[in-house]
Each structure stands twice: as structure tokens, then as C-alpha cells.
Amino acid sequence: MYCRYYYNLWGNYNKKVEKDSDIWRGWWYNKRNLSSADLVYDLGCGTGRHSLELAKRNIEVVGIDYIPENIALANQKSKELSLKNLKFLEADCRTYKNKRKASHVLCLYDVIGTFASDDDNYLILQNAFSLLKPGCYAVFSVMNYESTYSNAKYSFSFANNANKILELPASNTQEQTGDIFNPDYYLVDVDTHLVYRKEQFSSSTGLHIELIVRDKRFTMNEIVSLCKSVGFSIVETKYTNASDWNKSYTATSPRAKEILLICQKPKKGDSVGKKWK
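Remember, predicted model here, so these are calculated numbers, not experimental data.

Q: In this structure, what is going on with the packing of aromatic side chains? I would like to understand it.
A: Here a ring pair, both rings aromatic, is described through the centre-centre distance and the interplanar angle of the planes. Counting across every chain of the model gives 8 aromatic pairs. Centroid distance Y41 to Y96: 6.0 Å. Interplanar angle 65 degrees. Geometry classified as edge-to-face. Of this pair, Y41 sits in strand β1 (residues 39-43) while Y96 sits in the loop between β3 (86-90) and β4 (102-107), placing them 55 residues apart in sequence. Between F140 and F232, the ring centres sit 5.6 Å apart and the planes meet at 75 degrees, which makes this aromatic pair edge-to-face. One end of the pair, F140, is in strand β5 (residues 132-143); the other, F232, is in the loop between α8 (220-229) and β11 (233-240), and 92 residues separate them in sequence. Look at F140 and you get buried, because its relative accessible area is 0%. For F232, a relative accessible area of 3% gives the class buried. Taken together, F129, F140 and F232 form an aromatic cluster joined through their ring pairs.

Q: Is there a simple way to explain the state of the cysteines in this structure?
A: Each disulfide consists of a covalent bond between the sulfur atoms of two cysteine residues. In this structure the tally under the stated criterion is 0 disulfides. The thiol of C227 is unpaired, and the distance to the nearest cysteine sulfur, on C263, comes to 4.0 Å. Judged by relative accessible area, which is 0%, C263 ranks as buried.

Q: So what exactly am I meant to see when it comes to the environment of K247 here?
A: Tracing the backbone through its elements, the reader meets K247 in the loop between β11 and β12 (258-264). Not counting residues within four places of it along the chain, the set of residues in contact with K247 comprises K238, Y239 and T240.

Rules used throughout
- Residues numbered from 1 in each chain as written.
- Predicted model: local features only at pLDDT ≥ 70, side-chain atom pairs only at ≥ 80, totals over all residues.
- Heavy atoms only, no water.
- Phe/Tyr/Trp six-rings, centres within 6.5 Å; stacked < 30°, edge-to-face > 60°.
- Helix = DSSP H or I, 4+ residues; strand = E, 2+ residues; numbered from the N terminus.
- Buried < 20%, exposed > 50% of the residue type's maximum accessible area, 1.4 Å probe, protein only.
- Disulfide = S-S within 2.5 Å.
- Contact = heavy atoms within 4.5 Å.

Structural data, given as C-alpha cells:
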């Protein structure tokens, strides 16, 4: 059930983030001079906003998402644009395999952290590592726990007081605005760094569907350690947000909604990632 509502909310939210995607793409192209010789895997591609723009620039892209409605919409957009260098596949980014190795892997926004378990998030990173050629790069972003906690109005320990979730006010924040950092509507588990929200979604009956939604948010040390544990070298990190990837903030700033990481799969014999050119 949740997949269907997740698709509905991101269908609306994608319109809002197109401007953010344009800014991200500007940051990306200033960092790397990609060409038609490159292959990019976009893990958790959603409806394909990044994949589509990369493909427009003659870069070969494979977008992976486990929600069939997302893939259907992404394929529709690709067909409308007559893009021959782009594929969208319905698959799980924890387990998708391909013998063709990429020059770059993207995994942006809350894909890492969608799962509450670090075991699942580890599998996403491990798979990104396996899909890269040695010496090549992955770009990850995760939601920043330090900012989330510092600006929170509500926090608790699920282990000691699980019923506190029931007191959380409900909203249609995610469906309407996508502002999942609004402290009026989230509850932080200080033990696990899981963030809970009580979200209402529209339905065909006219009645709201109410779900308790949770996601995992990371400190810088947590996500860096997780990336290193699968074999990545860390090239660059920053506290930032999707409205302008060029800017950096302090860890607890309300603007520091995300942590951005550029990681390298070492070449054989290397132990340290080379500087991002």
C-alpha cells in the first residue's frame, strides 16, 4: 500500500524539485565533464529527473527504482524525448546486478535512509560499490540527523515510550509540500536516529489514508563510516541542501538538510581516493 502513496506524493513533489534538480545539475557539471563514453547508474531514480537530464546530454544512463509507477512514468518521459541512451528498470537498488560497470553512480535524496535498518542501507552502498569501475566515483546524499535533532520540537526513545508516536500531530506535509523537515510534524528517536511522521494521503474515496512514516537520518560520522565499511574512499563531504549544492553549512544549521558525499572506488592497489577533478 505504502508504495502507491509514495508514488502519488512524489508525483506531486517532483514538480517542486525540478528547480532544485537544475541547480544540482549545474553543480554536477562543474565537477565532472561527462561524455557519451560514460555510463551512469541512478539508484532510486524515482521518475527520472536526473537520469533524463543526463541522457539529454548524450550520457548513457540506467535508472533503477523499485516502484513500478515511477518506472512507468520515467519510461513515458524518455519515450516522449526519444532518448535512446536511457533505460529505466524496475528493480531493488540493494540487489540489482549488472556486468557493465559504470564511471559514476548516483544515489540522491533519501534513498539511503529509506530503510530503518543499517543492514539495508549498507546493501545499497555495497551495491553501488560493485556497480562502479575501479577508480570511479559515487555521489550520495542523505538526510542530516544533526540538523534534524537540533531543530526538533519533539524527541523520545522508542524503546522506552513507543506510545509517544500516537501524540504526534498528523499532516499532509509530504504530499502537499515535501517539507519533511518541518519540526511541527516530526518526532526524533534519539537512540536510533529514526524520524517518525504521521502523514495523511489522499485517496479515491475522498477519505484520507493516514500512515506512520519513518526514515533514517545520519550524522556525518555515521554515513562516512558506512561508506568506508564497503570499501569507498571519501573524496568530499559537506552539509548542504538541494536548493543549492554549491553552498555549505554548519552541521546544525536549519539549512543543512542533507549531507553530500563524493566517494571513490579505489583502483587496484590504491587505498586513498584521488581528488575530485
